[in-house]
Amino acid sequence: MLTPMTNTSYIERYFKVLLLLATVSLVLVLPYTCLWLHQSGDVAVERVVAAQAAGEFVVFGSGVSQDFVDYKLRLYEAVKPEIATVGSSRVMQFRASSFRRTFVNVGGVAGNLAVLRSTLNAMLAVHKPKAVILGLDFWWFMPQWHTDPFKEEPTTSGSYNYGFENLKKPWTWLFEGKISPAEIVAPLLGIFRKTRYGIMAQQTDDGFGPDGSWYYTAEITGRSRPFDYRFEDTLKQARYGIKSFYRARPDQEGPNLEHLDAFAEIYCRLRARGIATFVFIAPLSERVLNVMHQSKQGYSHLFALRNALLERGIDVLDFTDPRSLGSDDCEFVDGFHGGEVTYDRILRAMADRWPALLSYVNMERLDVVIRDWKGHALVADERLTGSPETDFMHWGCPKQRPVNPDRKCTE
């Protein structure tokens, strides 16, 4: 006959069971979570950099952190490229295949002029390239965007570690439906791909390629709905003057003088160290640019930017209007990010303007891409995906793949 439990013994048993469950969790769940993060490649910066620097075609798209400056700087230090491109996400479509010399894309690391300076300082502390391509965002030259362009700001740092927050993420993603039950047991099934690091790259092939450039694979191949579908978000920013599309105040007649001086200081410092420096203003999609022209005075910090830089002795090319390159909205990933073909057009135009770039640039490859992949945002590469590009914005863009694409496109 069972003896009735007192309240005290019931509470003791309750906490013993709770302690047992917690112990089992620590013994089983914690190691499994570490195994999952290791095999998915979400916190594998060191392994990614080693593989990419060795020339392997691996893609890094982490779900743990989008703060990837640490990764970019490590890749740059490992490769020690002869030429690099630096700027915001709007320079991340330059590919190493477009260059004859070693190249690393350090795009996506600079959100304003102060961080651009600190990032370049961090780069030069470990290696001095022979040439740098700088892509400018027009909003950098507005005090509304960043008040003090001379402020000493550190580069943002990555968070790819086994901290408690990261250990929660696989289970959080499972409960949120971002990963499937099959994916949570992927280490047991052996279904994680060895050429993909990070759950984003595992799921969609989105991520950084071997040169640090970014692949928008899921959107371009129609596997996911574009975040900026039909440029709706960017057009909203331009129409209402919000986010990156702040409009100038009535007393502002162009880019801010202090911000121009700050960029001139960065430019001159690079040149003084013997680094060939090539500067361009990044393009906007045609639809977005048309909206901005309806409020031309509000965007004087863009439309007057090139002349203001030239007056300070900074040679710069202005690709704000993609039509000047022969590009159009079919080659854009969203309202203010041109795709790979548009950026090959930019590189071609820069090499035409500045012969000093010719020894770095693979002109034959650029001509093939511009000829064969007109209207595309991505040059097909079987190492990335076998899925073809679709008319992912539904603009009615023809996306016929070349019948006999030149093999140099994937070299």
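Residues numbered from 1 in each chain as written. Predicted model: local features only at pLDDT ≥ 70, side-chain atom pairs only at ≥ 80, totals over all residues. Heavy atoms only, no water.

With that settled, the discussion passes to the overall build of the protein chain. Secondary structure assignment for the protein chain yields 16 helices and eleven strands. Its C-alpha atoms give the protein chain principal-axis dimensions of roughly 95 × 55 × 45 Å. Here the protein chain holds 411 residues, and the buried ones make up 53% of them. Sequence-distant contacts in the protein chain: of pairs separated by 6 or more residues, those separated by 24 or more amount to 74%. Put simply, the protein chain shows about 18,600 Å² of open surface, and 56% of that area lies on carbon and sulfur atoms. Averaging the coordinates of the 47 positive side-chain charges in the protein chain and doing the same for the 48 negative ones gives two points 2 Å apart. (Helix = DSSP H or I, 4+ residues; strand = E, 2+ residues; numbered from the N terminus. Buried < 20%, exposed > 50% of the residue type's maximum accessible area, 1.4 Å probe, protein only. Contact = heavy atoms within 4.5 Å. Areas by Shrake-Rupley, 256 points an atom, 1.4 Å probe, with all protein chains shown as cover. Lys, Arg positive; Asp, Glu negative; His and termini not counted. Charge placed at Lys NZ, Arg CZ, Asp CG, Glu CD.)

Moving on, we come to the packing of helix α2 (residues 45-53) against helix α3 (residues 69-79). One way to put it is that α2 packs onto α3 with a least axis distance of 9 Å and a crossing angle of 35°. Where α2 crosses over α3, the two elements pack in a sense that is right-handed. The segment α2 lies against α3, with V45, E46, V48, V49, Q52 and A53 engaging D70, Y71, R74, L75, A78 and V79. Here the contact of α2 with α3 is built from residues that sort into eight nonpolar, one polar and three charged. (Axes fitted to C-alpha atoms, helices over the stretch in contact; angles between N-to-C directions. Left-handed = near helix turned anticlockwise from the far one by under 90°. Nonpolar A, V, L, I, M, F, W, Y, C, P; charged D, E, K, R; others polar.)

What follows deals with the pattern of salt bridges. Taken as a whole and judged by the stated rule, the model has 27 salt bridges. Put simply, R323 and D321 hold a salt bridge, and the shortest N to O gap is 2.9 Å. Residue class for R323 comes out partly exposed when judged on its relative accessible area of 40%. Across the pair E331 and R345 runs a salt bridge whose closest N-O atoms are separated by 2.8 Å. With E331 in the loop between β9 (316-318) and β10 (332-334) and R345 in helix α15 (residues 340-353), this residue pair connects regions lying 14 residues apart in the sequence. Classification of R345 by relative accessible area gives buried; the value is 8%. (Salt bridge = Lys/Arg side-chain N within 4 Å of Asp/Glu carboxyl O.)

Among the nonpolar cores identified, the biggest contains 78 residues, and L116 and F263 are the most heavily contacted of them. Per element, the largest residue contribution to this core is seven residues, and it comes from helix α11 (residues 257-272). With near-sequence residues (within four places) excluded, F263 lies in contact with L113, L116, L134, L136, F141, V279, L309 and I314. Formed by 24 residues, the second largest nonpolar core is a distinct cluster that contains F280, L317, Y343 and L357. (Core = buried A, V, L, I, M, F, W, Y, C linked by side-chain atoms within 4.5 Å.)

Taking burial as the measure, the five residues of strand β3 (residues 103-107) include five buried ones, the bulk of the element. Burial along β3 is two-sided: F103, N105 and G107 facing one way and V104 and V106 facing the other are all buried. Sheet topology note: the strand β2 (residues 83-87)/β3 ladder contains five bridges and is parallel. For V86, the partnering residue across the bridge sits in β3 and is V106. (Pairing = 2+ DSSP bridges.)

Another point: α15. End to end, α15 covers 20 Å across 14 residues, agreeing with the expected 20 Å (1.5 Å per residue, within 8%). Burial analysis of α15 places ten of its 14 residues in the buried class, which makes it a mostly covered element. Every buried residue of α15 is accounted for by E340, V341, T342, Y343, D344, R345, I346, L347, M350 and A351. For α15, the secondary structure elements touched by its buried residues are β4 (131-136), β8 (276-281), β9, β10, β11 (337-338) and α16 (363-372). (Expected span 1.5 Å × (residues − 1).)

Strand order across the open sheet formed by five strands is β3-β2-β4-β8-β9, with parallel pairing between neighbours. A single partner strand is all that each edge strand has here, and the edge strands are β3 and β9. Here the strands of the sheet are splayed against their neighbours by 15° on average, with no regard to which way each runs. Running over the sheet, α11 touches β4 and β8 and is turned about 150° from β8. On the sheet, α15 packs against β4, β8 and β9 and is oriented at approximately 125° with respect to β8.

As a further point, take unusual backbone geometry. With a phi angle near 50°, R230 is a residue other than glycine that sits in the positive phi range. Relative to the helices and strands, R230 is located in the loop between α9 (217-220) and α10 (232-240). Even without glycine at this site, K243 takes up a positive phi of about 55°. Secondary-structure assignment places K243 in the loop between α10 and α11.

When pLDDT is averaged across the protein chain, the result is 92; 94% of the residues are at 70 or more. For residues 407-411, every residue scores under 50 in pLDDT, and the model assigns this stretch eleven contacts once sequence neighbours within four places are set aside. (pLDDT = per-residue confidence, 0-100.)

Attention shifts here to the environment of G338. Along the chain, G338 falls in strand β11. Excluding residues that lie within four positions of it along the chain, G338 makes contacts with Q93, E331, F332, V333 and Y343.

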